[in-house]
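If you want the building blocks of each chain, they are given just below.
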Amino acid sequence: MASCKEKDYQKVLHDPELYRVTVKKLNDIVLENNFPPVTASRNYAYANIAAYEVIAAGDPEHFKSLSGQIKHLPPVPRASKDTTVDYQFASLLAFCHVGNAVTFPEGSMDQYVDGLKQKAKDAGMPSDVFEGSVNYANKVAKFIMKWSKGDHYAQTRSASKYTVKQQDGRWIPTPPMYAQALEAHWGEIRPMVLDSTAQFIPPDPPVFNIKDKNSAFYKQALEVKLIVDSLTKEQKHQADFWDDNAFKLNVVGHASFATKKFSPGGHWMNITAIATKSKKMDFNTTVSVYTETAIALFDGFINCWYLKYRSNYVRPETVITKHINADWRPYIQTPPFPEYSSGHAVISSAAAEVLTSKIGDDFAYTDSSEMEFGIEPLSFKSFREAAKSAAMSRVYGGIHFKNACVVGNEQGMKIGQLVVEKLKLKTN
């Protein structure tokens with residue numbers, strides 16, 4: 001009977017689908033609380049790392065700790081020898097514990113955690129295993145949270161605001177929100193794999209010159225206008241599909257209301273779910289793939305945001321409405337931060353490189369992530385094709401110049417390849 005009970009709780013708690021559901025729960029909380037894309041990436045990274053470190057501690061034969069691979073991550077504590085731990089269960093709890101600490105309001109995952117614990121008890125987990133797993137999960141989560149506090153995030157909360165200047169070629173707030181610049185100091189956050197936030201920085205974009213119609217700057221602005229003015233149904237679908245606007249302000253007459261979608265990073269967490277499920281990866285491997293992808297997203301946003309606020313480059317909407325056609329509007333809403341380079345292009349390409357390294361470049365899949373927002377699925381022949389689609393969707397949306405998307409795709413590819421090169425999570 002005891003043996004049957006053990007198999008019962010292991011069957012329930014070691015199911016990789018439970019991990020995917022848990023990540024999706026954090027994704028939903030991030031959406032509900034309007035986390036911008038850069039801070040959302042921090043949530044995913046630390047929560048997944050906490051989960052992975054538990055797995056690595058429980059299965060050192062097949063998985064290697066990130067300590068030492070991420071140079072500033074100290075050795076993660078191990079469970080005491082007299083403690084019995086179900087490492088998959090502890091992994092779920094560690095993920096939630098860290099997710100709870102970085103989301104707002106704190107404690108948003110408490111009810112979900114209570115459900116996980118009840119699931120373990122109902123499935124027959126012995127009390128000593130239950131207590132040992134809960135205690136070890138808490139130990140690792142507290143350790144990861146303490147480590148996270150050294151990433152300069154707290155200091156950026158009180159950093160100086162972006163200074164808006166009415167200067168040609170410089171980013172200024174755009175309608176309808178006219179929101180202040182988002183996370184102007186995110187480039188100061190400590191990366192995990194990059195040698196510095198300034199690594200892989202591409203050449204400067206074309207110099208502002210709107211008077212010369214033969215200039216590279218004028219041509220790129222006109223290109224965006226012409227593309228948006230003649231969008232095909234498929235191009236509109238791509239723009240909507242990859243919009244991933246965490247907080248869109250809709251204005252109808254004198255009324256306004258907000259709508260929310262997953263952030264770009266959240267979208268790639270969903271793609272990771274699709275991929276790991278399709279490939280029937282076991283629990284531990286699933287956690288490792290989520291973790292490496294989340295790290296690529298995290299470093300990608302840091303690198304891109306450093307470049308954005310170094311260049312402070314103007315958005316197409318500002319240029320076109322001021323100098324070409326005052327009545328022109330982009331197809332999707334322009335987000336509140338500088339243009340160069342494209343954040344979605346960078347992080348999509350970075351994530352695609354990680355997923356390609358784990359699954360292959362010939363993995364065809366259908367992404368149904370956006371169906372809950374009323375947007376039809378899109379199918380791709382590979383992750384890299386999806387990343388290029390995400391990049392070009394920003395041109396179709398009218399929020400980026402094409403150069404920023406092409407450059408961003410290349411920038412993200414280098415970041416993703418570096419993550420794959422430096423991090424060796426599986427030992428075989």
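Let me sum up the structure you'll find in this document. Fair warning: this is a prediction, and the values are worked out from it, not measured in the lab. (Residues numbered from 1 in each chain as written. Predicted model: local features only at pLDDT ≥ 70, side-chain atom pairs only at ≥ 80, totals over all residues. Heavy atoms only, no water.)

## Section: the overall build of the protein chain
The secondary structure content of the protein chain amounts to 15 helices and four strands. Over its C-alpha trace the protein chain gives a radius of gyration of 22 Å, about what one expects of a compact globule, namely 22 Å for 428 residues. The proportion of buried residues among the 428 residues of the protein chain is 57%. Restricting the contact set of the protein chain to residue pairs at least 6 apart, pairs at least 24 apart contribute 80%. (Helix = DSSP H or I, 4+ residues; strand = E, 2+ residues; numbered from the N terminus. Rg over C-alpha atoms; globule rule 2.2 N^0.38 Å. Buried < 20%, exposed > 50% of the residue type's maximum accessible area, 1.4 Å probe, protein only. Contact = heavy atoms within 4.5 Å.)

## A short note on the nonpolar core
Of all hydrophobic cores here, the largest spans 109 residues; its most connected members are I144, M192, W268 and F383. Beyond its immediate chain neighbours, meaning those up to four positions away, I144 contacts Y46, I49, A50, E53, L73 and V98. Core analysis: the next-biggest nonpolar cluster, separate from the first, contains 16 residues, L307, V314, I320 and Y340 among them. (Core = buried A, V, L, I, M, F, W, Y, C linked by side-chain atoms within 4.5 Å.)

## Brief notes about the layout of surface pockets
A volume near 830 Å³ is recorded for the largest pocket. What lines the largest pocket is a set of 42 residues, among which P36, P37, L182, E183 and P336 lie closest to the centre. In terms of residue class, the lining of the largest pocket is made up of 22 nonpolar, 13 polar and seven charged. Quantified by volume, the second largest pocket comes out at close to 230 Å³. Taken together, E17, R20, V21, K24, N270, A273, I274, K277, Y290, S368 and S369 form the lining of the second largest pocket. Those elements that place two or more of their residues in the lining of the second largest pocket are helix 2 (16–32) and helix 10 (264–278). Here the residues of the lining of the second largest pocket are counted per class, giving four nonpolar, three polar and four charged. (1 Å grid on protein atoms, 1.4 Å probe; cavity = no way out; pocket = protein on both sides within 12 Å on 5 of 7 lines; lining within 4 Å. Points joined across faces, edges and corners; volume = space filled by probe spheres on them. Nonpolar A, V, L, I, M, F, W, Y, C, P; charged D, E, K, R; others polar.)

## A look at the packing of helix 4 (residues 87–102) against helix 6 (residues 127–148)
Where helix 4 contacts helix 6, the axes come no closer than 8 Å and their chain directions differ by 40°. Looking at the two axes, helix 4 sits oblique to helix 6. Here helix 4 and helix 6 pass one another in a crossing that is right-handed. Note on element contacts: helix 6 touches helix 4 through F130, S133, V134, Y136, A137, N138, A141, K142, I144 and M145, opposite Y87, F89, A90, L93, A94, H97, V98, A101 and V102. Looking at the contact of helix 4 with helix 6 residue by residue, the classes come out as 15 nonpolar, three polar and one charged. (Axes fitted to C-alpha atoms, helices over the stretch in contact; angles between N-to-C directions. Parallel < 35°, antiparallel > 145°, perpendicular 65-115°, else oblique. Left-handed = near helix turned anticlockwise from the far one by under 90°.)

## Structural notes on the packing of aromatic side chains
The full count for this structure, using the stated rule, is 27 aromatic pairs. An angle of 45° between the planes, with centres 5.9 Å apart, marks the rings of W242 and F380 as tilted. Of this pair, W242 sits in the loop between helix 9 (233–241) and strand 1 (248–252) while F380 sits in strand 4 (residues 378–380), placing them 138 residues apart in sequence. Comparing W242 with F380, the two get one shared label, buried. Each ring, one from Y365 and one from F383, has its centre 5.4 Å from the other, and the planes form 35°; the classification is tilted. With Y365 in strand 3 (residues 365–367) and F383 in helix 14 (residues 383–396), this pair connects stretches of sequence that are 18 residues apart. Here Y365 and F383 have matching classes, each one buried. (Phe/Tyr/Trp six-rings, centres within 6.5 Å; stacked < 30°, edge-to-face > 60°.)

## Details of the side chain of T22
Relative to the helices and strands, T22 resides in helix 2. Apart from residues no more than four positions distant in its own chain, T22 is found in contact with L92, F95, C96, M109 and Y112.

## Some details on the packing of helix 11 (residues 283–311) against helix 13 (residues 343–359)
A packed helix pair is summarised by two numbers, namely the angle formed by the two axes and the spacing between the axes. Taken N-terminus to C-terminus, the directions of helix 11 and helix 13 make an angle of 155°; their axes are 8 Å apart at the nearest point. For the element pair helix 11 / helix 13, the angle class is roughly antiparallel. With respect to the hand of their crossing, helix 11 and helix 13 are arranged in right-handed fashion. Residues V289, E292, T293, A296, L297, G300, F301, C304, W305 and K308 of helix 11 form the contact with helix 13, whose own contacting residues are G343, V346, I347, A350, A351, V354, L355 and K358. Residue classes in the contact of helix 11 with helix 13 are distributed as 12 nonpolar, three polar and three charged.

## Focus on the side chain of Q238
Along the chain, Q238 turns up in helix 9. The contact partners of Q238, leaving out residues within four places of it in the chain, are L378, S389, S393 and Y396.

## Observations regarding unusual backbone geometry
Trans is the prevailing form of peptide bonds, just as negative phi is the prevailing case for residues other than glycine. With an omega dihedral of 0°, the bond running from P175 to P176 counts as a cis peptide bond. Positionally, P176 belongs in the loop between helix 7 (153–156) and helix 8 (216–229). In this chain, Y340 is followed by S341 through a cis amide linkage whose omega measures -5°. The phi torsion at D244 lies on the positive side, around 50°, for a residue other than glycine.

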